[in-house]
Amino acid sequence: MPTLAAMFSPRSFASLTALAGALVISFTGCKKEGSNANADEIVIGEVAAMTGGTATFGTSSHAGTQMAIDEINAAGGLLGKKLKLITEDDQSKQGEAGTVAKKLISREKIVALLGEVASGRSLEMAPICQKAGIPMISPASTNPKVTETGDFIFRVCFIDPFQGTVMAKFAMSRGWKKVAILTDTKQDYSVGLAQFFKEYFAKNGGTITGEQSYGSGDKDFKAQLTAIKAGAPDAIFASGYYNETGLIAAQARELGITAPLLGGDGWDSPSLVEVAGKAIEGSFFSNHFSNEDQSPKIQEFVKKFQAKHGKTPDAMAALGYDSAMILADAMKRAGTTEGKALRDAIAATKDFDGITGKITLDEKRNANKSAVVLTIKDGKFSFVESLAP
Amino acid sequence: MKQYQSQLALIIALAVSLGVSLCSSSIDDYYLDIMLNVGINVLLAVSLNLVNGHTGQFSLGHAAFMAVGAYGSSIVTLEMGAAMIHVFGGHGWFAEGLTFLIALSIGGLCAAICGWMVGVPSLRLRGDYLAIVTLGFNEIIRVVLQNTSGDGPFGGALGLKGIEPYTNFFWVFATAAIAIYTISALVNSTYGRGFLAVRDDEIAGESMGVNTVRYKVIAFVTGSFFAGLAGGLYAHLRTTISPEGFNFLKSVDVVVMVILGGMGSTVGVILAAVVLTVLNEFLRDFEQYRMIVFSLLLIVMMIVRPQGLLPATVFQRRKQA
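Nothing here was measured: the structure is a model prediction, and the numbers come from that model. (Residues numbered from 1 in each chain as written. Chains lettered and ligands numbered in written order. Predicted model: local features only at pLDDT ≥ 70, side-chain atom pairs only at ≥ 80, totals over all residues.)

Participant: Just checking my understanding: could you explain the sheet that holds strand S11 (residues 352–354) of chain A for this structure?
Facilitator: The pairing of strands in a sheet happens through backbone hydrogen bonds and is either parallel or antiparallel. Residues and elements named next belong to chain A. As summarised here, the arrangement of the three strands in space is S11-S12-S13, forming an open sheet in which the pairing is antiparallel. In this open sheet, the two edge strands, each paired with only one partner strand, are S11 and strand S13 (367–368). As paired elements, S11 and strand S12 (residues 357–361) share three bridges and run antiparallel to each other. Directly across from Asp353, in S12, lies its bridge partner Lys358. Across the sheet, helix H13 (residues 315–334) touches S11 and S12, and the angle it forms with S11 is around 150 degrees. (Pairing = 2+ DSSP bridges. Helix = DSSP H or I, 4+ residues; strand = E, 2+ residues; numbered from the N terminus. Contact = placed C-beta atoms within 7 Å. Axes fitted to C-alpha atoms, helices over the stretch in contact; angles between N-to-C directions.)

Participant: Sorry, what's going on with the packing of helix H2 (residues 29–54) of chain B against helix H10 (residues 248–261) of chain B here?
Facilitator: Think of two packed helices as two axes; the pair is described by the angle between the axes and how far apart they sit. Residues and elements named next belong to chain B. For the pair H2 and H10, the least separation of the axes is 9 Å and the interaxial angle reads 70 degrees. Overall, the two elements H2 and H10 adopt an arrangement that is roughly perpendicular. Between H2 and H10, the contacting residues are Asn41, Leu44, Ala45, Leu48, Asn49, Asn52 and Gly53 on the first element and Val254, Val255, Met257, Val258 and Gly261 on the second. Split by residue class, the contact of H2 with H10 holds seven nonpolar, five polar and no charged. (Parallel < 35°, antiparallel > 145°, perpendicular 65-115°, else oblique. Nonpolar A, V, L, I, M, F, W, Y, C, P; charged D, E, K, R; others polar.)

Participant: When you look at the confidence of the model for chain A in this model, what are you seeing that I'm missing?
Facilitator: Do not read the fine detail of predicted coordinates wherever pLDDT is low. Overall, the predicted model of chain A reaches an average pLDDT of 86, with 90% of residues at or above 70. The low-confidence segment residues 12–16 of chain A, where pLDDT is below 50, has 18 contacts with residues more than four positions distant or belonging to other chains. (pLDDT = per-residue confidence, 0-100.)

Participant: Please explain the packing of helix H1 (residues 5–22) of chain B against helix H6 (residues 169–188) of chain B as it appears in this structure.
Facilitator: Residue and element names in this part refer to chain B. At a minimum axis distance of 8 Å, the contact between H1 and H6 shows a crossing angle of 170 degrees. The angle between H1 and H6 falls in the class roughly antiparallel. Across the interface between the two elements, Ser6, Leu10, Ala13, Leu14, Ser17, Leu18, Val20 and Ser21 from H1 touch Phe169, Phe170, Phe173, Ala174, Ala177, Tyr181 and Ala185 from H6. A class-by-class count of the residues in the contact of H1 with H6 yields twelve nonpolar, three polar and no charged.

Following this line, the structure appears as structure tokens:
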């Protein structure tokens, strides 16, 4: 008779436990539950980085999206039903976005997915939505590859080539002929912007005086900045995100570099000014939207957002709002929430009057619209000009 | 019969995972995803346990070997997958399976080679120093991958996308079962006592004629190989990978599983990998408080059960009884 001890030899026990574990999990998983969606609700999923490294983007875009949904519901809903937004946090982590996208699709039975801000995480969700036939609208993933995944994937922001080109155009218009480039090689976003900036700038007679790189999370940029200083550029194109850009600006001024910094929408956070203080004054960046724009539609949005959240909306909030509004508009036109018909309706979006401009979705499912250039003045972002594509 | 118990268990595990895999289309996508995550984490934790638990070395770079395996196997399927499927007789489960097997093996071998290259010089170091070297290696792999060209085979900071979704229930759990079997068999063999000797008292072991460096290298290479397989499975599950996904925090996640489960206890480590992965999903309802709850649970665990969920000694004591 096998003794208890023999039964518990670590080897066999290990294999058996693994087996039992796999079985238990698979049986709990095997039962397919029905949707818990209410028949008079349209369920829309949202994936955002509510915690972790890019949480300011996630919380902002979520605030905008939620506001749009609330407004639609207050106005009586859509197709005779109320909208329900289910938001999942991906902790700014790789791998999480894919899991939560699957959760929203298979457990919550969403009809469309809004999100993510970061391109890397949107790329993770895109194949899942494409395969499930669920339209996905990214509010702010600017990398071209995102919508290339398939015909169910859209975005309401412009793409990296456009932002890089806009800033190159802007530098040209200011008469800056010599520009140094400082890239965050850990962020594909930053690399993409720099690449398109360089292409346009060099083609139109500008000179790149030096190219330096760093990685997100770095704190000391003096080595790169010293090398940049040697080239005496008229401006520095720093296409990274706000955390590092703030430090870069401060350290550049310490080293006596007076050239303005140029950047993209990754700068758009109050933290930029908090970190850099006076050092960032007079620098420029391209963005999706300016809350100083005096058009009545934007001012009304700013007022409503302020009343609700007690702060002025940033571009991510405006894009989140627009992504939900475009989806709602498409649902209204399609008259249904069925995936294929909804997809066709979203693809047909033309001259949609959004907060971030007149949005037309082109055949590559990218938004075609203008960008604004902002500067930092007295610690505030102020509107300089609007540049058309 | 008794002497073949573990082999039998392995065969049953393989058969069951194949069986479940065949009916996986009827499993909810989300649950299936969690199960596959569990399987991959079990594989990672068990392989790290050989190094950190059984052999008593402190490696903090497991994610690096996972990255090597993920990139190695993805590049094989992306660059040569179509040609290989053609050679093996066109699309179908056989050709795709064989292609994936080859890709996974290449990924695993690349990771093992890296494990050997890092292991041979650095395993002469002890304790904290080894931790620093492996941590450094983790960063080196990540930074090198990040700085590759965006158009090259490594895809730069955005990584690789469009990887074929070959990973299914069978591949994950078959690999995990083989890893558990191999590592348990290795550690519980006469030869494998050397690993425990290195952990328990390196100087005494050495003076008794145990080649400690050799044992450490073997543990390291085997652990890296299985981490590489886990990376390959992860890549073909997520269909997109980027260097940022294999950062230091990923390594820490695996270390936490090993410590929580009980260093050197295979069953405990498997349990911890399952619990931590599933817990992460249950805590979604806590939203922004999730990480706080998660950390609190770990702290409570450390106070209440510093030896881990199921420490190895439990089984040893039972055996003597």
